[in-house]
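Listed below, chain by chain, are the residues.
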Amino acid sequence: MLSITNLCKTYPNGVRALDGVTLDIGTGIFGLLGPNGAGKSSLMRTIAALQEPDQGTILWEGADIVRYPHLVREILGYLPQDFGVYPRISAEALLDHLAVLKGVRDKKARRRQIDALLERTNLTQHRRHAVAQFSGGMRQRFGIAQALLGEPRLMIVDEPTAGLDPEERNRFHNLLGEIAADITILLSTHIVEDVQNLCGKAAVLAGGRILTEGRPDHLVAQLKGRVWRRTVESGSLATWRERVTVLSDRLEAGRRTIRVLADSSPGAGFEGCDAALEDAYFAALQTQGTEVGACS
Amino acid sequence: MFLDLVRFELSYQMRQTLVQVATLAFFVLGFFLGFSLYGGPDVYANAPFSIAYGMVLLSLSSFFGLALFTANTVLRDRTFGMEPLIHTTSVGFFPFLAGRLVGLVTIVALVSALAVVGMALGSLLPPMGGRELGPFRPAAYLIGYVAIALPNILIGLSLLFCIAALSRGQIAVYVGGIGLFMAYVFAGVMTNSPIMAQSKPLSADETSWAALLDPFAVFPLFDQVRFWDLTAKNTQLIVLEGDLLANRLLWMTLALMLCCLAFRFFRFREGALAGTSARVVTAPSAAVKADGFGPVAPVKPDFGRGFAWQALRSKVGLEMRLMLRGVPLVVLSLLCLFMFAMVLSEEMGRGDMGVPFQARAALIVAELQEPFRFIGPLVLVFFVCEWCWLAREHRIDAVIDSTAVPAVVLWAARWLGAACLISYLVTLAVVVGLGYQLVRGAGLGDALVYLRLYSLVGFPLWFFAGWVIALQNFVSNKYLGMLAGGGLLLVGRGLRQLLAIHNPALDVLFFPNIFYSEMSGGGYALTADVWLMALHLGAACLVAVPTLLYLRRGAKRKAFGANRAAAWLGATGAILTLTALLMVFYQTQIEAPFPGPAEREQWAADYERNYRHLATVPQPAYRRGKVTVDLYPERRAGIVKGEYSFVNPGSEPLREITLSAIPFCGTVPQVQVERAVRKTYDARFGVQTFVLDEPLAPGAEGFLNFTMKLQFSGYGPVDGEFYILPGASYLELSKYLPNFGYAAQVALGGNAARRRQGLPPKEAWPERATESARPWFAMELIASVPDDQRVLSLGRLAREWEADGRRYSHFVQDQISDHWFALAAGHYAHQASEVDGVAVSVWYHPDHEANVATMAAATRDALTYYRERWGDYPYDQLRIVEIPGFSRRFGATSYATTIFAVESRLFVLDQRDPEQFDMVYRTISHEVGHQWWGGLLDPAPAAGARLLTEGLCEYAEAAVFAQKYPWSQQQRLLDESTARYFYMRGYDAKAEPSLARMGAQIHLAYFKGAHAMHLLAELLGRDQVDQRLAAFFAQYRFPAQPHADDLLAVLLDGLEDPVRRRLEEVFSEVVTYDLQLPRAEREAGTSQVRVSLQTVVSRAGEVDPLTPLTLEWRALDADGKPLGAVQQAVVKPGWEEVLWTVPRAAVALEIDPRRLYLEPDRSDNRRLIVVP
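Cut-offs used in this document
Residues numbered from 1 in each chain as written. Chains lettered and ligands numbered in written order. Predicted model: local features only at pLDDT ≥ 70, side-chain atom pairs only at ≥ 80, totals over all residues. Helix = DSSP H or I, 4+ residues; strand = E, 2+ residues; numbered from the N terminus. Rg over C-alpha atoms; globule rule 2.2 N^0.38 Å. Buried ≥ 20, exposed ≤ 12 C-beta atoms within 10 Å, placed from the backbone. Contact = placed C-beta atoms within 7 Å. Axes fitted to C-alpha atoms, helices over the stretch in contact; angles between N-to-C directions. Parallel < 35°, antiparallel > 145°, perpendicular 65-115°, else oblique. Left-handed = near helix turned anticlockwise from the far one by under 90°. Nonpolar A, V, L, I, M, F, W, Y, C, P; charged D, E, K, R; others polar. Pairing = 2+ DSSP bridges. Expected span 1.5 Å × (residues − 1). Bend = angle between axes of the 7 residues up to and from the residue. Core = buried A, V, L, I, M, F, W, Y, C linked by C-beta atoms within 7 Å. Domains from an automatic or database assignment.

## Here's the deal with the overall build of chain B
Here comes step 1: Helix and strand content of chain B: 32 helices and 28 strands.
Here comes step 2: In summary, chain B has a C-alpha radius of gyration of 34 Å against a globular reference of 32 Å for 1172 residues, a match within 12%.
Here comes step 3: Referenced to the eigenvectors of the C-alpha coordinate spread, the extents of chain B come out at roughly 115 × 90 × 55 Å.
Here comes step 4: Per-residue burial for chain B yields a buried fraction of 47% across its 1172 residues.
Here comes step 5: Long-range contacts, defined as pairs at least 24 residues apart, comprise 74% of the intrachain contacts of chain B with a sequence gap of at least 6.

## Observations regarding the packing of helix 18 (residues 451-474) of chain B against helix 20 (residues 527-549) of chain B
Residue and element names in this part refer to chain B.
Here comes step 1: The N-to-C vectors of helix 18 and helix 20 enclose an angle of 20°; their axes lie 9 Å apart at closest approach. By the angle between their directions, the pair helix 18 and helix 20 is classed as roughly parallel. Read as a crossing pair, helix 18 and helix 20 show a hand that is left-handed. Across from Leu-456, Phe-459, Pro-460, Phe-463, Gly-466, Trp-467, Ile-469, Ala-470 and Asn-473 in helix 18, the residues of helix 20 making contact are Asp-529, Met-533, His-536, Leu-537, Ala-540, Val-543, Ala-544 and Thr-547.
Here comes step 2: Taken together, the residues that form the contact of helix 18 with helix 20 break down as twelve nonpolar, four polar and one charged.

## Quick notes on the environment of B:Ala407
Residues and elements named next belong to chain B.
Here comes step 1: One can find Ala-407 in helix 17 (residues 407-439).
Here comes step 2: Since 23 C-beta atoms lie within 10 Å of it, Ala-407 is described here as buried.
Here comes step 3: In this structure, the C-alpha to C-alpha distance between Ala-407 and Gly-999, residues 592 residues apart in sequence, is 66 Å.

## Some details on the interface of chain B and chain A
Frequently, the measure chosen for interface size is the accessible area that the parts lose on association.
Here comes step 1: Taken residue by residue, the interface counts 45 residues in chain B and 55 residues in chain A.
Here comes step 2: Secondary structure elements with two or more residues in the side of chain B that touches chain A: helix 13 (307-324) and helix 16 (397-401) of chain B.
Here comes step 3: It is helix 13 of chain B that contributes the most residues to the side of chain B that touches chain A, six residues altogether.
Here comes step 4: Its residues assigned to classes, the side of chain B that touches chain A comprises 25 nonpolar, nine polar and eleven charged.

## What about the sheet that holds strand 13 (residues 255-261) of chain A?
Residue and element names in this part refer to chain A.
Here comes step 1: Pairing in this open sheet of four strands is antiparallel, and the strands run 12-13-11-14 from one edge to the other. Looking along the sheet, the strands with just one partner apiece sit at the ends: strand 12 (245-252) and strand 14 (271-272).
Here comes step 2: Alignment of strand 11 (residues 227-232) against strand 13, held across six bridges, turns out to be antiparallel. In the sheet register, Arg-229 faces strand 13, and the bridge partner there is Arg-259.

## Comments concerning helix 3 (residues 48-74) of chain B
Residue and element names in this part refer to chain B.
Here comes step 1: The end-to-end C-alpha distance of helix 3, which contains 27 residues, comes to 36 Å, matching closely the 39 Å that a straight helix rising 1.5 Å per residue would cover.
Here comes step 2: Most pronounced at Phe-64, the bend in helix 3 amounts to some 35°.
Here comes step 3: Most of helix 3 is tucked away: 25 of the 27 residues are buried.

## Details of the nonpolar core
All names here are of chain B.
Here comes step 1: If you look at the biggest cluster of nonpolar residues, it comprises 425 residues, and the most contacted ones within it are Phe-161, Val-365, Val-384 and Leu-823.
Here comes step 2: The dominant element in this core, judged by the number of residues it contributes, is helix 15 (residues 361-393), at 20 residues.
Here comes step 3: Other than its neighbours up to four places away in sequence, Leu-823 contacts Val-629, Leu-731, Leu-733, Leu-781, Ala-783, Val-791, Leu-792 and Ser-793.
Here comes step 4: Core analysis: the second largest hydrophobic core is formed by 16 residues, Ala-1146, Leu-1149, Ile-1151 and Leu-1158 among them.

## Section: the domain arrangement of chain A
Residue and element names in this part refer to chain A.
Here comes step 1: Domain boundaries assigned for chain A yield domain 1 (2-75 + 153-214), domain 2 (86-140) and domain 3 (220-288).
Here comes step 2: Each of domain 1 and domain 3 has a C-alpha centre, and the two are 29 Å apart.
Here comes step 3: On the domain 3 side, the residues contacting the nine residues of domain 1 number seven residues.
Here comes step 4: Mapped by element, the contributors of at least two residues to the side of domain 1 that touches domain 3 are helix 7 (192-198), strand 9 (201-206) and strand 10 (209-214).
Here comes step 5: Here the side of domain 1 that touches domain 3 takes three residues from helix 7, the largest share from any one element.
Here comes step 6: Here the residues of the side of domain 1 that touches domain 3 sort into six nonpolar, three polar and no charged.

## Details of the domain arrangement of chain B
Residue and element names in this part refer to chain B.
Here comes step 1: The domains assigned to chain B are domain 1 (2-265), domain 2 (311-549), domain 3 (592-761 + 771-827), domain 4 (967-1068) and domain 5 (1071-1168).
Here comes step 2: Between the C-alpha centres of domain 2 and domain 3 there is a distance of 43 Å.
Here comes step 3: The interface is formed by 14 residues belonging to domain 2 together with 13 residues belonging to domain 3.
Here comes step 4: In terms of residue class, the side of domain 2 that touches domain 3 is built from six nonpolar, eight polar and no charged.

## Examining unusual backbone geometry
Here comes step 1: With omega at 15°, the peptide bond leading from B:Phe1038 into B:Pro1039 counts as cis.
Here comes step 2: As for its position among the elements, B:Pro1039 is in the loop between helix 30 (1022-1036) and helix 31 (1044-1052).
Here comes step 3: Cis peptide bonds are those with omega within 30 degrees of zero, and the linkage from B:Asp1057 to B:Pro1058 qualifies with 5°.
Here comes step 4: Of note, B:Pro1058 is situated in the loop between helix 31 and helix 32 (1059-1068).
Here comes step 5: Of note in this structure, A:Glu61 is not a glycine but carries a positive phi near 50°.
Here comes step 6: Assignment of secondary structure puts A:Glu61 in the loop between strand 4 (55-60) and strand 5 (63-64).
Here comes step 7: Positioned with a positive phi, B:Arg636 is a non-glycine residue whose angle comes to about 55°.
Here comes step 8: Examined against the element boundaries, B:Arg636 turns out to sit in the loop between strand 1 (621-632) and strand 2 (637-647).
Here comes step 9: For B:Arg636, a count of 21 C-beta atoms within 10 Å gives the class buried.

Here it is, written out as structure tokens:
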């Protein structure tokens, strides 16, 4: 169990990245949704002991991992959002090195696990190639492989499917699903669908604050009967925003459709529709007053 | 667009922290350089020449910053991932690159100009070391900057810019920066730059080439001022003309070509050169396999015992692989190999007079240490900084930092990585050393000596790496970290100088003296080095503690909780530092106190102030002494006991006597004078005055005894005249024993030191010394050492025996002209022979036999010549004793019956090539000469005394040498002596005295002396000179006290002009010449050659336009061999045209072929005959 209480972090340039974040995260996959700059990566780096909070506590199974960061490092598998690799080092050699750093000391066991991970991430045939020369997707698969080295009990994966094609993304989701039964996975993403499909629990983070959290279906259920939609003229979007709580707008078959949050029908032309997690996400952001961009 | 690019570049650079900090750093550097400007003894600290040399140092220091600036300017697009954006704009590569270059040059010029301003301000402070300050002349700074600093900086910049633009690799730029320093060392060695150790004068042809080939203009700068006297050095501005101008033009052209090269090959694509773009590995989606594999089985990590070690090995191994696979390391390795080989080839292959040294590891390690002083810190700063930033720059730091690897592993991996790099570089040096030995045909039996390189070069660099790593951890920018690393060296040293802390062991990077003596079987400092290194290791460990506690890990700095590694390191560092400090304190302050340079200077000044008056107080003289010396080499200790009798040589009774004994390592000999009461005792100066119970009547005898303890610590500079070491010892003992009256030899010599201490300039030697009766001194010496060694000293070995594991030797010498003796101890083999009843023996280290036969032959020849020509040798033996290389300040020193010759100056010279100058033969001949001149004939302590010692020994050695070797060999020595004379006289603070009035000036006694004696022999013939010297010797031998005038009276007696005039000129005046033969043109169809002559005669610095001179000349054939006899012509000073008749086969002319005139530059004395 990862227990985060009142976590605050302000960077030297004055940006308040985390503002009283409190979360309890159990086993399974916990989704962290939020727009760019919401503080997701800051939260993850703080949990991964890569930076210190200004305030608050992070407990892993009751132990203070801010004060004793080695406790989290010993059980952590971390895939940063943006990572690089050493030049001129093969995938196999780099995995071997990282495995040693993660405490996988038995050479045979290390070899077996690396082989399995290379297979699983479809990199076996490139094992002797320098990772620095991998394409973006291959490098991301390599990142996933390294995060799984050893026996991670807490995995932090920051935008893990960025750069993966749909097939690879599915494979990764399956992989996460398989291992999530016994461990805690903190998945950061801005793809709502990923959270919907994978996460037993999720939270929406914006401006460094947790806006809402819960099981995805519960979050959706909270909006039951409150989401309306209609087609509008593109030029009238600003007017509609003034009149109603527009959750999102999108082009459907060349026509602009808005989804609106309201306890009753906002007016003629609106029709009730099933709420989705995306509506819950945007609704949460609306409550914060955060500007929400168009969602494709 | 171009101007916009330049404007943006300047605006961007100005906002960079690196540039701002570097500007400040260079200003401070300039300030320190200005404060510590030095152009030579007695040259104004801010003399134009000193400033110009300061500009050389400034430009050298700037290379480090240049590498950072260039990398930051040219490679920043790559570093910050901007390349795809920049390179896809419409800007052409030419305006793009030109904009960057112009911006870079402008910034660098501004920063360096600010450094010059700092230098100007720094030079306004009272200069270091009591040097004098001349008037402030802005023009000197401007010329120095324009002629020296700026071109040097532009040369370095163009090379680095070219490398950066073509390689797009940071390490390659750093290697380029290191290469610039190597180029400096290379140029210095190849051109025999005067600022390099063991620089040797070059021939005229070599000088021209050297002046052109030195990229940093050190050589042409020194060449321009080579013959300037002190006044000129203090007042004349450096002029951008002649060789200096040619050098600048040549290298600026090359710099321009390098820039053109960069523009020619630079392209906006991956890898500047074709074929270097990275190959991207892709796996098409079709290749993605469907699921179906089982779950990845987790492997339980084990963070128990041994984890940190395994992680460390893995990390170091991986980083080493990264380093080894890089092209820059290959380039660096090649550069190092080349430089090591070149340094060895030059320094080992060309000693004094071009004589090579034997290829022995003991000598080689000392030469190999030198390049490391230059490049070692630089390589470390660059490479260690790269390692520290490796993970961050490749954005894998988050992955690594989030693993459970302990912080100590991350830190230790960097430190061990540095150790690997250092070991690698040292190994390269060792490989070159071993290879050099093999090429020279020497064995590798002494290969273990190379371990000294690992310990005395490797460890200091490694400790320094600890500081660099610490700096990198706390500085948020790599380039700033590098700057800080370089600044650590300079600022640390600058502060030490500013605070007048003279001990170099307190520098952040301290290299112990690596010199190794095969005789002693080790270095000089021994345990002192161990403790000093322990001190530095302790400091490095202590610096590591905050590094570990605040190790940058992600953005995280603070390590919470107990950090066992930090605690362990802190404890180790504290224990090491404290223990080393205590030991150093105990050994230098209690066990064997030794004063630092400042204390020594203060001591000498105070001694002079307090006791100078003793010089004129009548004192007794020693008559007989029995000295017992027990040496304990393993402990570097000894006990000396003496029983002396003394007499009153004067005509008045003596009521009081004063004894001075230079305190050695804090101890003053305990003296007891029979029938006398000690009146005063000054422990600081070792001066004690005794009141005799009964006045000592003229000729009456008194007695005293003393005990003195010797204990050496190895700290401080090497005293080559006094040391005890486990394998070999050398003690010029009489200097440290109680002597009567004032010890004039300890008085401060340098004018700067005397000014600092408020003392008047040292008094010139008196014209004539007061005559005083002097008794012969009879000596007995009983010395003991462990029985595997033996002691050698003056006189007859009366008895030798062993007892209690010690070997005792009893030497007896009935007649020495002064209380002046020394002894040596060590493991000796010897060769003995006899020369007309005199037992000649050479005592040498068993492995140093190569030149022993030459020494014996030289001794035999010299002894025979001198006895036949001048007078008998009164002793029954003459021995040559090898002493360790720590005494290498001199080549050999002569005492009655015994010559102590230095290992590294004579015994390990490689004299196998018969074409080489025979340095061993010549030096031994000189030293044997001292048995007469300086030994049996002891001049009065007055001006010109050295003419009677060193001057006459120059004659003696030349006379013996001429019997065996051809004129060409003598000519080489004469030319070198002349070159050294003219070089050294440029630093004479006072008007140069004549030989007959000289003081202690080396360049007069040896170098002008050699010319004077050559002239004497050429004009009179050796037979006549020898006859006159024999007469002089007979008349003035001990106890007489002759003056130089007495010698000249004998030498010139009955001579007529012009010979007499020429000899008076060379001995009693200061006259130099400049003879030139600018044109020689054959008259059509005749044997006559129209010759233009230019002659300048300078008398005491004034040009003499009147006195004609008799000039010799000869014709030369196509091979440069003389044709016919030497001819004479009388020419007027100034310009003159004459017609000379030459043989038909003559193709060239040479004036003054016998070197009868003392002139600085003989390159213009030869001319090819032009045929119209």
